[in-house]
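# Structure at a glance
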Amino acid sequence: MESILVLTHADDTGAILTKASLETVTAALALAARLSAPLTIGIVAADATPPANSLAATGSRLLAVSGEPFAQPRYATDAAACEALCRAAAATIVLVPGSSRFTRIAAAVAHRLHGFIDTHITSIAPQMQGAPGLASETRESDSPPSAVEATRWFYRQRIEAVLTRDARPWFLLLDAGTNAPYAAEPGSAQVEQIPVTLAEIRTTVTGLRSPQQGTQTIRPDAKLLFVAGAGWTKKQPDGQTHVPEAADLILGFLRSTSASLGSSKSLVDQGGEGQSVLPFLTHLNQIGQTGATPRHPKGLSTCCHGEEPHVVGWRFIAERRAISLDPNCGWSRGKADVVYVADAFQVILKLNALLTQAQS
Ligand SMILES: Cc1cc2nc3c(=O)[nH]c(=O)nc-3n(C[C@H](O)[C@H](O)[C@H](O)COP(=O)(O)OP(=O)(O)OC[C@H]3O[C@@H](n4cnc5c(N)ncnc54)[C@H](O)[C@@H]3O)c2cc1C
């Protein structure tokens, strides 16, 4: 029979678990219920009491590694903490949030436990009878079939694969945004503290350095993805480019909506080709085949042609709209739910005015 462990960690405040951790708890609760399997939740935090209390209603066994060394993300301490939690829980399936903190250590922990890891998992379920997964070649002939199957995308989100593995413990690193975060009234939880003997700590975390206020444009948790295409920097019907106006309109829209900013490849490539560029865009904003595939409930594309290598990055955008001057653009060929054949300069100007009015 399977037994499940979820590894979680506190956020920067130390008081609550990260959203990705809570999403993984949701996935684990659903899997444990469907398999009738025991569930353990492991917490890494300076003080595990507040995060543990937020999980009291799960009714799960709660383990914690806590103390000052575990307040900050650090490879040595996080790997040691998660290894100790895994050994204490002795679970067969270990679900791990795909946060930068745990993505960094998950493979090492799996290795220390002589387990196996798969990453970018988007869903987990009990295995359907008679439906062996792709990794069944790893199966010993007389071992029982895997009870769990996990789904992930390959080849830039073009192929969805269902994996099973007989190797245990099986670590599954869940992509953020694929489950609702667990939420319940806090209670009074019983937490088992797991001791960790740390080797000499050679890395000292001196603090966090984040981009200046207002320059952060990639917001994975935003409800809306706003995509800027190369059209913003191209000559407009008056024969002129209007790059400063484009920058003001885009930043004004982002300020009002807190949307995440994506870009086409053509636009971010322009910097290297000596053309006028929008200074707040980098290749990190690029959406598409050679860019990112973010998850947002809605997306608005502006001044972008909607070519396949770009739109493939919109795989997980639920509702898509586009503003393009070209009525024959890729968006109007079935890639968007709504296409406004219009001048994005005018539309966003009007939209920003309405948003400012609504907020005042
Ligand atoms: C191997 C490979 C990988 C690639 N990977 C990616 C990728 O990851 N991401 C990506 O984005 N691309 C990628 N591309 C490039 C992709 O094929 C397109 O070239 C690119 O997406 C085009 O960007 P664009 O639509 O912004 O620019 P353009 O094709 O120049 O389109 C600009 C659009 O803006 C419109 N426009 C202009 N002014 C206005 C206005 N005032 N109002 C409204 N609309 C206006 C124009 O009508 C036009 O439709 C890749 C290509 C290859 C070959």
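The structure presented is a predicted model; accordingly, all values stated were derived computationally and were not measured.

## So, the packing of helix H5 (residues 243-257) against helix H8 (residues 344-359)
- Closest axis-to-axis distance for the H5/H8 pair is 9 Å, and the angle between their directions is 35°. Relative to H8, H5 is oriented so that their crossing is left-handed. On H8, the residues touching Glu245, Leu249, Gly252, Phe253, Ser256 and Thr257 of H5 are Phe345, Ile348, Leu349, Leu351, Asn352, Leu355, Thr356 and Gln359.
- Looking at the contact of H5 with H8 residue by residue, the classes come out as seven nonpolar, six polar and one charged.

## Here we look at helix H1 (residues 19-35)
- The end-to-end C-alpha distance of H1 is 24 Å, a good match for the 24 Å that 17 residues give at a rise of 1.5 Å each.
- Taken residue by residue, H1 has Ala20, Ser21, Leu22, Glu23, Thr24, Val25, Ala27, Ala28, Leu29, Leu31, Ala32 and Leu35 as its buried positions.
- Where H1 is buried, its residues touch strand S1 (4-9), strand S2 (39-45), strand S4 (93-97), strand S5 (116-126) and strand S8 (170-174).
- Just beyond H1, the residue with positive phi is Ser36, at close to 50°.

## Concerning the nonpolar core
- Core analysis: the biggest nonpolar cluster contains 56 residues, and Ile4, Ala28, Leu85, Leu95, Val96 and Leu172 have the highest contact counts within it.
- Once residues lying within four places of it in the same chain are set aside, the contact partners of Leu172 are Ile93, Leu95, Val96, Asp118, Ile121, Ile124 and Ala150.
- In terms of nonpolar packing, the next biggest core, distinct from the first, is built from 32 residues, Leu281, Ile287, Trp314 and Ile317 among them.

## Here's the deal with the site of the ligand
- Around the ligand, the structure places 30 residues, and the nearest of them are Gly229, Gly231, Ser264, Gly288 and His310.
- Listing elements by their share of the shell around the ligand, those giving two or more residues are helix H6 (265-269), helix H7 (308-311), strand S13 (317-324) and H8.
- When residues in the shell around the ligand are grouped by element, the largest group, three residues, is from H6.

## As for H5
- In this model, H5 (15 residues) spans 21 Å end to end at C-alpha, consistent with the 21 Å of a helix rising 1.5 Å per residue.
- Ala246, Leu249, Ile250, Phe253 and Leu254 are the residues of H5 that are buried. Down the axis of H5, the smallest arc covering the buried residues is 130°, so these residues share one side.
- Taken together, the buried residues of H5 touch strand S10 (224-228), strand S11 (260-263) and H8.
- Phi turns positive one or two residues past the end of H5, at Ser258, with a value near 55°.

## A closer look at the sheet that holds strand S14 (residues 338-341)
- Sheet architecture is open: five strands sit in the order S11-S10-S12-S13-S14, paired in parallel fashion. Each edge of the sheet is formed by a strand with only one pairing partner; in this case those strands are S11 and S14. Each adjacent strand pair in this sheet contributes to an overall mean axis angle of 20°, direction not counted.
- Note that S13 and S14 share four bridges and pair parallel. Note on S14: the bridge partner recorded for Ser324 is Val341.

## Structural notes on the confidence of the model for the protein chain
- Per-residue confidence for the protein chain gives a mean pLDDT of 91; residues scoring 70 or more make up 92%.
- In the model, residues 132-145 has pLDDT below 50 throughout and makes 19 contacts with residues more than four positions away in sequence or in other chains.

What counts, and at which threshold
What you see as residue numbers is a count from 1 along each chain, following the sequence as written. pLDDT decides what is reported in this predicted model: residues at 70 or higher carry local features, side-chain atom pairs at 80 or more are listed and counted, and totals for whole chains, interfaces and linings draw on all residues regardless. Where helices are involved, their axes are fitted lines through C-alpha atoms of the stretch in contact, as for all axes, and angles between N-to-C directions lie from 0 to 180°. Think of it this way: any DSSP run of H or I at least four residues long counts as a helix, any run of E at least two long counts as a strand, and we number them from the N terminus. For any pair of crossing helices, the crossing counts as left-handed if the nearer helix is rotated counterclockwise from the farther one by less than a right angle, and right-handed if it is rotated clockwise. Two residues form a contact once the distance between their C-beta atoms, set from the backbone, is within 7 Å. Each residue is assigned to one class: nonpolar for Ala, Val, Leu, Ile, Met, Phe, Trp, Tyr, Cys and Pro, charged for Asp, Glu, Lys and Arg, and polar for all the others, Gly among them. Take the residue count of a helix, subtract one, and multiply by 1.5 Å to get its expected span. A residue is called partly exposed when the number of other C-beta atoms within 10 Å of its own lies between 12 and 20, exposed at 12 or fewer, and buried at 20 or more, with C-beta atoms placed from the backbone. A set of buried Ala, Val, Leu, Ile, Met, Phe, Trp, Tyr and Cys residues, joined through C-beta atoms within 7 Å, is what we mean by a nonpolar core. All residues are tested the same way: a C-beta atom is placed from the backbone, and lying within 6 Å of a molecule or strand makes the residue near it. Within this analysis, the arc is defined by the directions that extend from the helix axis to the C-beta atoms. We treat two strands as partners when DSSP finds at least two bridges between them. For every residue, the predictor states its confidence as a pLDDT score lying anywhere from 0 to 100.

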